[in-house]
Amino acid sequence: MKSTEQSRLDHLTGHRNMLLLIQLRWFAVAGQIATIAVAKLMLDIHLPMPQMVEVLACLIGFNIASHLRWHEQREVGNHELLLALSVDVAALTLQLYLSGGTTNPFVFLYLLQIALCAMLLEAWSTWAMVVVCTLCVAALALLARPLDLPLDHDRGLASFYVLGLLLCFMLNAALLVVFMTRIQDNLRLRDARLANLRQQAAEQEHIIRMGLLASGAAHELGTPLSTLAVILGDWRRMPLFRQNPEMLDELTDMQGELARCKAIVTGILMSAGEARGEGAERSTLQAFLEQVVTQWRGTRELGRFEFELKLKTDLPMAADTTLRQMICNVLDNAQEASPDWVRVSANSDDDWLTLQVSDRGAGFAAEVLRQIGKPYQSTKGRQGGGLGLFLVFNVARTLGGTVRAENRPDGGAVVTLRLPLRAITLDDNSGHGS
């Protein structure tokens, strides 16, 4: 069974292909009008004009209705395309019946219809149309009145029938090249988008596995960290440590680092969807960004750091650990590339928050930029490199935002995050988080 996204892409591709059929039908109407006029006025061939004009009027009416429907509904499936091509075959059959049947050189236009079916329809529909077209040709051979043309095939191009065959061949060839090329472009676009969806699904599965691994590791680390906290607490009360200021200071540092490790473990569990009740708080967009940047800056060794905050409005939001880690990942990458200078700017409009992190490092390599956002795309030369930006891209995509990485003209790199405000902020009347 097809996935929902694949079905949606198939329908959108069918929507574009239906437009091509509508355009092709206008060509058919113009061609029939020109052919009837030439046959009647220049070649003086007797044709049942009222009936042929009625068929043309019906075809024009159907095409107008198809165009209106094309604008109103975007999803077009196999059955709609089959119906449209069946109407074209029916109109062609009626016109050929009124103008000589199989003796009309334009009978080979059936091949164009079958070629379109092979490109646009499912296999069973294509074979059904092959059977229908074959039956139509057989019925024309049995029931239609032959066209009143002289049997002068030996005259070559001077023969009206041979000229008609040549015109039919040129028409078939030209329409096949033009419309088949455009149909193939639609199919290639669909396949490219489908491949992108499959890549995203694979990346999401990769993230889920990483989250499960991180959550399991965090749970396993919780017990030994708690044991160490108890031991350090006991040591702090021992006379040996209380009477030695240097050892007491070192013990205090150890307890501080242990508390930081426990905070990191708690953050991992919160990012994995656990421990949601611990540390969740209501904040504002400006306070959240200032807090994230301040805490990150306070735990990193960095030369010059610039922070510019220009928000149009300060909206309420729930401090989200995943969003915090995403921003810190970008900052960590910039600090590793450029320990002497990092710049962060944040601004917003009515709909979007834009964060830009710039550095003066070596910039992104060309091959990394081509594969940016995919796992393990890094030039750092260590195992697991490149996962930071990979996670940043996927979190932004989950929120409905975008990430753009590029090199600065004067050296270094800049990563731009654009996140929709509706995905990261709260309504004014939202309740406080627990």
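Scope of this entry: the structure provided in the associated data block. This is a predicted model, so every value here is computed, not measured.

1. A word on the overall build of the protein
At step 1: Assigned secondary structure in the protein consists of 13 helices and seven strands.
At step 2: Across the 434 residues in the protein, those meeting the buried criterion constitute 36%.
At step 3: Within the protein, contacts between residues at least 6 apart in sequence are counted, and of these 73% link residues at least 24 apart.
At step 4: Taken as a whole, the protein presents about 24800 Å² of accessible surface, with 60% of it coming from carbon and sulfur.

2. Let's talk about the layout of surface pockets
At step 1: Taken as a whole, the second largest pocket holds about 940 Å³ of empty space.
At step 2: Together, 36 residues line the second largest pocket, and G31, Q32, T35, F106 and L109 are the ones closest to its centre.
At step 3: At the level of elements, α1 (4–42), α2 (49–72), α3 (78–98), α4 (109–120) and α6 (160–237) are the ones that each hand at least two residues to the lining of the second largest pocket.
At step 4: Among the elements that take part in the lining of the second largest pocket, α1 stands out by supplying 11 residues, more than any other.
At step 5: Counted by class, the lining of the second largest pocket contains 26 nonpolar, eight polar and two charged residues.

3. Focus on a nonpolar patch on the surface
At step 1: Among the surface-exposed residues, L228, I231, W235, M238, L240 and M254 lie close enough to one another that they form a single nonpolar patch of about 530 Å² accessible area.
At step 2: As for its placement among the helices and strands, I231 is situated in helix α6.

4. Let's talk about the sheet that holds strand β2 (residues 304–310)
At step 1: Ordered in space as β2-β4-β5-β7-β6, the five strands form an open sheet in which the pairing is mixed. Two strands close off the open sheet at either side, each with one partner strand: β2 and β6 (402–407). Neighbouring strand axes in the sheet, compared pairwise and without regard to direction, differ in orientation by 10° on average.
At step 2: As paired elements, β6 and strand β7 (residues 413–420) share six bridges and run antiparallel to each other. Looking at the pairing, V403 lines up with L417 of β7.
At step 3: Where helix α9 (residues 285–298) meets the sheet, its contacts fall on β2, β4 (341–348) and β5 (352–359), and the angle it forms with β2 comes to roughly 175°.
At step 4: Packing of helix α10 (residues 321–337) onto the sheet brings it into contact with β4, β5 and β7, and relative to β5 it is tilted by some 20°.

5. Here we look at the side chain of S125
At step 1: For S125, the location among the structural elements is in helix α5 (residues 123–143).
At step 2: In contact with S125, other than residues within four places in its own chain, are N78 and L82.

6. Some remarks on the packing of α3 against α4
At step 1: Relative to each other, α3 and α4 sit at 175°, their axes nearing to 11 Å. When the axis of α3 is compared with that of α4, the two are roughly antiparallel. Of α4, the residues touching α3 (which contributes L81, L85, D88, V89, L92, T93 and L96) are L109, Y110, Q113, L116, C117 and L120.

7. Structural notes on empty space enclosed by the protein
At step 1: Going through the model one piece at a time under the given rule, you end up with one cavity of 30 Å³ or more.
At step 2: Each pocket or cavity is described by its volume, and for the largest cavity that value is around 60 Å³.
At step 3: Around the largest cavity, the lining residues are L289, V293, F307, I327, V330, L331, V344, A346, L355, V357 and L417.
At step 4: Broken down by secondary-structure element, the contributors of at least two residues to the lining of the largest cavity are α9, α10, β4 and β5.
At step 5: No other element matches the three residues that α10 contributes to the lining of the largest cavity.
At step 6: Within the lining of the largest cavity, the residues separate by chemical class into 11 nonpolar, no polar and no charged.

8. A look at the pairing of β7
At step 1: Burial analysis of β7 places seven of its eight residues in the buried class, which makes it a mostly covered element.
At step 2: In this structure, β5 lies alongside β7, joined through seven bridges in antiparallel fashion. Residue pairing for β7: Q356 is matched across the bridge by T416.
At step 3: Counting the residues that bridge the hairpin from β6 to β7 gives five residues, and of these G411 lies at a positive phi of roughly 105°.

9. Describing the packing of α4 against α5
At step 1: Between α4 and α5, whose axes approach to 9 Å, the crossing angle comes to 170°. With respect to α5, the axis of α4 lies roughly antiparallel. Only T126, M129, V130, C133, C136, V137 and L140 of α5 make contact with α4, whose side of the interface consists of Y110, I114, C117 and A118.
At step 2: Looking at the contact of α4 with α5 residue by residue, the classes come out as 10 nonpolar, one polar and no charged.

10. A look at the environment of R236
At step 1: Relative to the assigned elements, R236 resides in helix α6.
At step 2: With relative accessibility at 32%, the residue R236 sits in the partly exposed group.
At step 3: C-alpha separation for the pair R236 and L251, spaced 15 residues apart in sequence, amounts to 7.2 Å.
At step 4: Here R236 is in contact with R242, L248, L251, T252 and Q255, once residues within four sequence places are set aside.

11. Topic: the pattern of salt bridges
At step 1: Per the stated rule, a full pass over the model turns up 11 salt bridges.
At step 2: Notably, a salt bridge pairs R188 with D185, separated by 2.4 Å at the nearest N-O pair. Pair noted here: R188 and D185 are both in helix α6, with a separation of three residues, about one helical turn.
At step 3: Its relative accessible area of 49% is what places R188 among the partly exposed residues.

12. Points about a negative patch on the surface
At step 1: Among the surface-exposed residues, E246, D249, E250, D253 and E257 lie close enough to one another that they form a single negatively charged patch.
At step 2: In this structure, E257 sits in helix α8 (residues 245–271).
At step 3: A relative accessible area of 47% means that E257 is categorised as partly exposed.

About the cut-offs
- Residues numbered from 1 in each chain as written.
- Predicted model: local features only at pLDDT ≥ 70, side-chain atom pairs only at ≥ 80, totals over all residues.
- Heavy atoms only, no water.
- Helix = DSSP H or I, 4+ residues; strand = E, 2+ residues; numbered from the N terminus.
- Buried < 20%, exposed > 50% of the residue type's maximum accessible area, 1.4 Å probe, protein only.
- Contact = heavy atoms within 4.5 Å.
- Areas by Shrake-Rupley, 256 points an atom, 1.4 Å probe, with all protein chains shown as cover.
- 1 Å grid on protein atoms, 1.4 Å probe; cavity = no way out; pocket = protein on both sides within 12 Å on 5 of 7 lines; lining within 4 Å.
- Points joined across faces, edges and corners; volume = space filled by probe spheres on them.
- Nonpolar A, V, L, I, M, F, W, Y, C, P; charged D, E, K, R; others polar.
- Patch = residues over 30% accessible without salt bridge, like charges linked within 9 Å, V, L, I, M, F, W, Y side chains within 5 Å.
- Salt bridge = Lys/Arg side-chain N within 4 Å of Asp/Glu carboxyl O.
- Pairing = 2+ DSSP bridges.
- Axes fitted to C-alpha atoms, helices over the stretch in contact; angles between N-to-C directions.
- Parallel < 35°, antiparallel > 145°, perpendicular 65-115°, else oblique.
- Lys, Arg positive; Asp, Glu negative; His and termini not counted.
- Charge placed at Lys NZ, Arg CZ, Asp CG, Glu CD.

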